[in-house]
Amino acid sequence: MPLGLGRRKKASPLMEDEDVSERSALGVSQAVGMPGGSIASIPPGLPPPAPALRPRLVFHAQLAHGSPTGRIEGFSNVKELYAKIAEAFTIPVGEVMFCTLNTHRLDMDKLLGGQIGLEDFIFAHVRGQKKELEVYKSEDSLGLTITDNGAGFAFIKRIKEGSVIHRMQLIGVGDMIEAINGKNLIGSRHFEVARILKELPRGRMFTLKLCEPLKAFEMIGPRSGLSGISSGTSPSGRGTLRLRSKGPPTVEQLVSVIEEKAVQKVDDLLESYMGIRDSELAGTMVELGMDKQNPDDFSQALDRTLGDFAFPDEFVFDVWGAIGDAKAGRY
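Predicted, not measured: the structure shown is a model, and the values here were computed from it.

**Quick look at the overall build of the protein**
The secondary structure content of the protein amounts to 6 helices and 14 strands. In the protein, which comprises 331 residues, the share counted as buried stands at 47%. Sequence separation of at least 24 residues holds for 65% of the intrachain contacts in the protein that already meet a minimum separation of 6.

**As for helix H1 (residues 78-89)**
Taking 1.5 Å per residue, 12 residues should reach 16 Å; H1 reaches 17 Å between its end C-alpha atoms and fits that length. Of all the residues in H1, the buried ones are Val 78, Leu 81, Tyr 82, Ile 85, Ala 86, Ala 88 and Phe 89. Down the axis of H1, the sector holding all buried residues measures 165 degrees, keeping them to one side. The opening residue of H1, the one whose side-chain oxygen lies 3.2 Å from the backbone nitrogen of Lys 79, is Asn 77. Positive backbone phi, at 55 degrees, marks Thr 90, one or two positions downstream of H1.

**A few points about the packing of helix H3 (residues 257-274) against helix H4 (residues 279-289)**
Where H3 contacts H4, the two axes come as close as 8 Å, and the packing angle between them is 120 degrees. Between H3 and H4, the angle falls in the class oblique. Handedness of the crossing formed by H3 with H4: right-handed. Contact with H3, carried on its side by Glu 259, Ala 262, Val 263, Val 266, Asp 267 and Leu 270, involves Ser 279, Leu 281, Ala 282, Gly 283, Met 285 and Val 286 of H4 and no other residues of that element. Here the residues of the contact of H3 with H4 sort into 8 nonpolar, 2 polar and 2 charged.

**Some words on the environment of His 125**
Along the chain, His 125 turns up in strand S7 (residues 121-136). Residue classification places His 125 among the buried positions, given a relative accessible area of 0%. Here the alpha-carbon distance between His 125 and Lys 215, two residues 90 residues apart in the chain, equals 8.2 Å. Polar side-chain contacts of His 125 include one of 2.9 Å to the side chain of Thr 100.

About the criteria used
- Residues numbered from 1 in each chain as written.
- Predicted model: local features only at pLDDT ≥ 70, side-chain atom pairs only at ≥ 80, totals over all residues.
- Heavy atoms only, no water.
- Helix = DSSP H or I, 4+ residues; strand = E, 2+ residues; numbered from the N terminus.
- Buried < 20%, exposed > 50% of the residue type's maximum accessible area, 1.4 Å probe, protein only.
- Contact = heavy atoms within 4.5 Å.
- Expected span 1.5 Å × (residues − 1).
- Arc of directions from axis to C-beta.
- Polar contact = N/O pair within 3.5 Å; in protein donor to acceptor, adjacent residues only side chain to side chain.
- Axes fitted to C-alpha atoms, helices over the stretch in contact; angles between N-to-C directions.
- Parallel < 35°, antiparallel > 145°, perpendicular 65-115°, else oblique.
- Left-handed = near helix turned anticlockwise from the far one by under 90°.
- Nonpolar A, V, L, I, M, F, W, Y, C, P; charged D, E, K, R; others polar.

This is the structure in structure tokens:
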């Protein structure tokens, strides 16, 4: 899909004090730009607008440990977003670990998932110190919740207080898991990494190779207070850019309070059953279930769309119950 206007003079990658109302190329579907920056939906049945008529969105970004402000534009998914960040700051794309919205701190409540508020400021966290540790699995649960950046890096989103990992002071929230017992995990999804950790035998040592995000001095602090989930919505209430792994991005209004609560409940279930946390995945599951009339149809939709996860039946049943509670207004 062509993105942008080929004749437009390319802006300098690093620019400060840019006018945010100046929009540049990002193709999105089912929406057109209106005067004053508002969004108007296209009537059903009409084809998407030509690339030159699609909304032109520009986001601003910094490296979380400190940098000038960069203009980020012309991406349609998370992988392309990281590539644009790397291009803007002249760093290898593999250096970008994950992003937070509107804060440079390691705040797991503010992780960039599948949605970006149209006025959100992006902070990119890049690779810092590498570390290799020997861990003794004295309990069945290590106390880790794993997520990933949507581009091949799985990292630690939560550490349970008092757990095996919590007692190891060298392991922190935000650490990327590069390898377990010598097995390279770059490119693996978070549920694959969580499964490997869960299947490690109790009463044995294992080797964990990690990479922590580069931190500014002021960011160094205690490991507590970093748990939670990202709502994936813009505080301004003016809409979000939703990025999809398949298909073009779309500009959408914020999800309803009922759907947002359902997403949070499903995300809690993901952590309970699978040791992962992923608000984008939870949102996809809620979206699949909102128009289904029975659990069988919902289960079939999950298999078609998310079959790689191999969700257990009891988990699917609980997710269906959470969605049903949301549709019935029981939250």
